[in-house]
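Reading the structure
Here is how the chains run, residue by residue.
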Amino acid sequence: MTSRPLSGCPAVIPSHAESFGPSGCDARNAAVARQRQGAGGLHGQAESQHQQLGRRRLLSSLLLGGSIVPVAAGLLRAPEARAAQQPAQGAVQGAAQGGGTPTTGVNGDQGYESAGSFEIVADFYGPGPSGVVVTDEGRIFVGFPRHAVNHKGATLGELVQGRVVPWPTAALSLPSSAAPADRLMSIHGMTMDTQGRIWAIDDGKLAGQPLQPGAAKLVCFEPSTGRLVHKIVLTAPALLPDSHMNDLRVDLTHGQAGTAYVTDSSFGHSPALVVVDIASGQQRRVLATHPSTQAEPGFMAVVEGVPLVYTPGQPPRFVVGGADGITLSPKSDRLFYAPLTSRRLYSLPTALLADPTVTEAALAAAVKDEGEKGTADGLATDAQGRIYTTNFEQDSIFRRNTDGSFDLMVHDPRILSPDGIFCTKTHVYCTLGQWNRLASFNGGQDKRKPPYHLIRFPIEPVAAYNAEEKI
């Protein structure tokens, strides 16, 4: 799950996650409503053919039952979130013809219309969201990193009654003069361990500033109390000056207190996996030169209809990086991971990865190429061992089944830069940060268009009904 640095470019969208009064919310929502009414959900009067196509797609999805929930300043309307519940065109046609089965998968996508059933849980204005965790009680926690835009809002927040509440405390989550090791700098990847504790990777990076000592770290909180259970500061040689500690998973089956696996996608060209023993804090950098952690030179992605090529040594035109997406099997016996700039999925036995006596050569020999999975950023696993992969080329989220086959779960033109992804027992949650529209990829022009969405969709497909079917 990656968004790249903005290299000191100032934020053009003000941060309101820390404070935004009711009157401001009303004004912002009214303005957004006027803009959508006048522009069909898209901005600007002089539209290219691509923009017009985007408008048609969005209008189609709305006519099919989609919704946009305008909530100002990184605020949440969780209880009232309206379901998108978008039957794909193929699914509708299949039912009308009596077949009842979509022609292109469970959700019936034809490649250009919205597909799948999802709902917008929250819309954010101000900082863009990245990591997300949802507890069994339904509490939602979101990370707002500062490495792309050094915003003044909370970097870790809980969504409570329409607001982003700095969590676990304002002193930790909001900018302050405290030492980098003693506050949260830039929360990115997030996860939950099997004991229900919330873990986050603080990449430590503030846009336009060098990485400070003590800034990059792993933190673990008890959700019921907000108590800091673990804090492990990352140091050299596991941490490099250009490190981008991106995402993490926590395995409580290896090590006295467990083992954390971190993807360093790198702000430069030095990606790797980082393995941290939680009890001792010992950390080591592995597979730093292995193909499974590296961005692929010459890799081409089609983002919002534009073909873009990654060329090392040249300024990137889209979000690129090495080891990024990461997830564990349900029993924590295998770690799955993938470079951002690659279509391959890889895995390793955690028994080897967590063992500091295993040599680099033995680890490299144990890496399994699991095949293609598309251009995934975030990865997440459900209780059945199926892996959900975000896809920033297709504006989609796929599911990789245990037999290696794939299902399309949701597809929609609003699913831009799907990033942080998290599975509960019943739903998959995903943040949409529009990272490909950052100024650093667009000649200095910030093309992001708030709101940024947090969406969710059911793990099991929504039942389809046909009033003409015979009993």
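Residues numbered from 1 in each chain as written. Predicted model: local features only at pLDDT ≥ 70, side-chain atom pairs only at ≥ 80, totals over all residues. Heavy atoms only, no water.

Another aspect to go through is the overall build of the protein. Secondary structure summary: the protein contains six helices and 26 strands in total. Across the protein, contacts joining residues at least 24 apart in sequence account for 57% of those joining residues at least 6 apart. (Helix = DSSP H or I, 4+ residues; strand = E, 2+ residues; numbered from the N terminus. Contact = heavy atoms within 4.5 Å.)

Let us look at the sheet that holds strand β12 (residues 272-277). An order of β10-β11-β12-β13 is seen for the four strands of this open sheet, with the pairing classed as antiparallel. Looking at the sheet topology across the chains shown, the edges are occupied by β10 (245-251) and β13 (283-286). Direction aside, neighbouring strands of the sheet carry axes that sit 20 degrees apart on average. (Pairing = 2+ DSSP bridges. Axes fitted to C-alpha atoms, helices over the stretch in contact; angles between N-to-C directions.)

Under the criterion given, the structure shown has 20 salt bridges. The salt bridge partner of R386 is D382, with a shortest N-O separation of 2.8 Å. D382 matches R386 in its accessibility class, with the two residues each being buried. R414 serves as the salt-bridge partner of D412, at 2.8 Å between the closest nitrogen and oxygen. Here D412 and R414 have matching classes, each one buried. Through salt bridges with shared partners, a single network forms among R334, K368, E370 and R400. (Salt bridge = Lys/Arg side-chain N within 4 Å of Asp/Glu carboxyl O. Buried < 20%, exposed > 50% of the residue type's maximum accessible area, 1.4 Å probe, protein only.)

The next point concerns the side chain of S130. With respect to the helices and strands, the residue S130 is situated in the loop between β1 (119-124) and β2 (132-134). Among the polar contacts listed, one links the side chain of S130 to the side chain of D419, at a separation of 2.9 Å. (Polar contact = N/O pair within 3.5 Å; in protein donor to acceptor, adjacent residues only side chain to side chain.)

Turning our eyes to something else, we now look at the pairing of strand β21 (residues 387-391). Among the five residues of β21, five are classified as buried, and the element is accordingly described as predominantly covered. Here β21 shows two buried faces, one formed by I387, T389 and N391 and the other by Y388 and T390. Here three bridges tie strand β20 (residues 379-381) to β21, and the two strands are oriented antiparallel to one another. Counterpart to T381 in the pairing with β21 is I387. Where β20 hands over to β21, the hairpin turn is made up of five residues, of which G385 adopts a positive phi near 85 degrees. Bridging between β21 and strand β22 (residues 396-400) involves five bridges; their strand directions are antiparallel.

Attention shifts here to the pairing of β10. Walk down a regular strand and you will see the side chains alternate between the two sheet faces. With seven of seven residues buried, β10 is to be regarded as a mostly interior element. One ladder, built from six bridges, connects β10 with strand β11 (residues 259-264); its direction is antiparallel. Within the sheet, the bridge partner assigned to D251 lies in β11 and is T259.

With that settled, consider the nonpolar core. Ranked by size, the top nonpolar core spans 26 residues in total, and within it F124, I140, L159, M190 and L454 carry the most contacts. Breaking this core down by element, the ones donating at least two residues are β1, β2, β3 (140-143), β4 (156-160), β6 (187-192), β7 (198-202), β8 (217-222) and β26 (452-458). (Core = buried A, V, L, I, M, F, W, Y, C linked by side-chain atoms within 4.5 Å.)

Quick look at the layout of surface pockets now. The computed volume of the second largest pocket comes to approximately 770 Å³. Going through the elements one at a time, β6, β10, β16 (323-328), β20 and β24 (418-423) are the ones with two or more residues in the lining of the second largest pocket. Here the lining of the second largest pocket is composed, by residue class, of 12 nonpolar, 10 polar and seven charged. (1 Å grid on protein atoms, 1.4 Å probe; cavity = no way out; pocket = protein on both sides within 12 Å on 5 of 7 lines; lining within 4 Å. Points joined across faces, edges and corners; volume = space filled by probe spheres on them. Nonpolar A, V, L, I, M, F, W, Y, C, P; charged D, E, K, R; others polar.)

Below, the discussion takes up the sheet that holds β3. Taken together, the four strands give an open sheet; going across it, the order is β2-β3-β4-β5, and neighbouring strands pair in antiparallel fashion. Looking at which strands have only one partner, the edges of the open sheet turn out to be β2 and β5 (163-166). Here the average twist between neighbouring strands, direction ignored, is 30 degrees.

On to the environment of H188. Mapped onto the fold, H188 is located in strand β6. Considered as a pair, H188 and V132 are 56 residues apart in the sequence and their alpha carbons are 8.9 Å apart. Here the side chain of H188 touches S130 through a polar contact of 3.0 Å, side chain to side chain.

With an omega of 0 degrees, the peptide bond between W167 and P168 qualifies as cis. By the element assignment, P168 lies in the loop between β5 and α4 (170-173). With an omega of 5 degrees, the peptide bond running from A236 to P237 counts as cis. Within the secondary structure layout, P237 lies in the loop between β9 (227-233) and β10. Backbone geometry places S417, a non-glycine residue, at a positive phi of 50 degrees. Mapped onto the elements, S417 comes out in the loop between β23 (406-411) and β24. The residue Q434 is not glycine, and still its phi comes out positive at about 55 degrees.

A cluster of nonpolar side chains, contributed by M300, V302 and V309, occupies part of the molecular surface with about 220 Å² of accessible area. The residue V309 is located in strand β15 (residues 306-309) in this model. (Patch = residues over 30% accessible without salt bridge, like charges linked within 9 Å, V, L, I, M, F, W, Y side chains within 5 Å. Areas by Shrake-Rupley, 256 points an atom, 1.4 Å probe, with all protein chains shown as cover.)

The next thing to look at is the packing of aromatic side chains. The geometry of an aromatic ring pair comes down to the distance between the two centres and the angle between the two planes. A full pass over the atoms with the stated rule returns five aromatic pairs. One aromatic cluster in this structure is built from F141, W167 and F221. Across from the ring centre of F267, 5.8 Å away, lies the NZ or CZ of K205, which sits over that ring. (Phe/Tyr/Trp six-rings, centres within 6.5 Å; stacked < 30°, edge-to-face > 60°. Lys NZ or Arg CZ within 6 Å of the ring centre and 35° of its normal.)

Here we take up the environment of V428. Among the secondary structure elements, V428 is positioned in strand β25 (residues 427-432). Sequence separation between V428 and I397 is 31 residues; the distance between their C-alpha atoms is 9.8 Å. Leaving out residues up to four positions away in the same chain, V428 has contacts with Y388, I421, F422, C423, I455, R456, F457 and I459.

Turning to the confidence of the model for the protein, a few remarks are in order. Per-residue pLDDT for the protein has a mean of 82; in total, 76% of the residues score no lower than 70. Across residues 2-105, where pLDDT falls below 50, the model places 217 contacts with residues more than four positions away in sequence or in other chains. (pLDDT = per-residue confidence, 0-100.)

Attention now moves to the side chain of T375. Tracing the backbone through its elements, the reader meets T375 in the loop between β19 (368-372) and β20. Within the structure, the side chain of T375 is placed 3.2 Å from the side chain of N391, a separation counted as a polar contact. Not counting chain neighbours up to four residues away, the residues in contact with T375 comprise F299, S342, R343, T390, N391, F392 and E393.

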